[in-house]
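# A closer look at the structure
If you want the building blocks of each chain, they are given just below.
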Amino acid sequence: RPLARIGPENPPEVEIPFEPPSEIQPLDVVWGGVDNATPERSLTYECQLDFEPWAACSSPESVEGLEPGPHVFRIRAIDLALNVEDTPVEIAFEVIPAPVTTFTETPPAFSDRETTIFAFEADQAGSTFECAFNGAEWAPCSSPQVFFTLENGTYELEVRATNPEGVIGEPAVYEWQVELGPDVT
């Protein structure tokens with residue numbers, strides 16, 4: 001029966017069962033390892049984000065809170081003989097920023113009109129929009145959008161954009177006061 005060889009010529013390897021998407025946050029990575037002499041449960045792992053120092057880690061690992069832009073996450077295995085994997089697994093991914101919604105047309109802060117037109121845009125092409133009028137549930141909307149204010153009072157419109165990658169931005173919020181005046185028939 002042959003003996004397992006332990007030494008620097010037999011480093012362990014990391015195996016990733018599936019590759020995470022390349023545009024995502026948080027990045028959730030699941031992995032395991034194989035070695036010719038060390039059982040999988042006895043392997044240890046180190047991870048590196050971009051070019052930060054290597055640090056102990058375990059599967060699954062979640063990477064979040066990153067600045068927008070390209071990133072690389074690396075994983076390497078270490079066996080009981082302290083052999084370190086010489087070609088770490090690399091996962092390249094990009095954090096897509098959330099779109100920013102801006103109003104381009106709003107009513108005056110004080111209005112005497114029953115109809116109000118809003119126009120808005122996002123800083124990322126291909127974004128879609130949802131509106132919430134006076135605290136209602138979010139609903140798809142497009143620019144320009146007309147709203148009816150049939151009573152005196154304070155009104156609020158929230159508009160948020162979702163970019164083509166599915167990242168939802170913070171809502172733009174506009175509040176205005178409506179005073180319709182006497183009813184003339």
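Here, the structure is the one placed above.
### Things to note about the packing of aromatic side chains
How two aromatic rings sit relative to each other is given by the distance of their centres and the angle of their planes. All chains considered together, the criterion is met by 12 aromatic pairs. Ring plane angle 35 degrees and centroid distance 6.2 Å describe the contact between phenylalanine 133 and tryptophan 176, whose orientation is recorded as tilted. Linking phenylalanine 133 in strand E12 (residues 128–133) with tryptophan 176 in strand E16 (residues 172–178), this pair joins segments that are 43 residues apart in sequence. In textbook terms, an aromatic cluster arises when at least three aromatic residues are bridged by ring pairs, as seen for Phe103, Phe118, Phe133, Phe147, Tyr155, Tyr174 and Trp176. If you follow arginine 74 out to its NZ or CZ, it ends over the ring of phenylalanine 51, 4.6 Å from the centre.

### Describing the sheet that holds strand E14 (residues 145–148)
The strand order E9-E11-E14 describes an open sheet built from three strands, whose pairing is antiparallel. Both outer strands of the open sheet, strand E9 (101–105) and E14, are each paired with one neighbouring strand and no more. Between one strand and the next, the sheet's axes are offset by a mean angle of 40 degrees, whatever the strand orientation. Where strand E11 (residues 115–122) lies against E14, four bridges are found, and the strand directions are antiparallel. Bridging from a neighbouring strand, threonine 116 pairs with phenylalanine 147 of E14.

Rules used in this analysis
Residues numbered from 1 in each chain as written. Predicted model: local features only at pLDDT ≥ 70, side-chain atom pairs only at ≥ 80, totals over all residues. Heavy atoms only, no water. Phe/Tyr/Trp six-rings, centres within 6.5 Å; stacked < 30°, edge-to-face > 60°. Helix = DSSP H or I, 4+ residues; strand = E, 2+ residues; numbered from the N terminus. Lys NZ or Arg CZ within 6 Å of the ring centre and 35° of its normal. Pairing = 2+ DSSP bridges. Axes fitted to C-alpha atoms, helices over the stretch in contact; angles between N-to-C directions.

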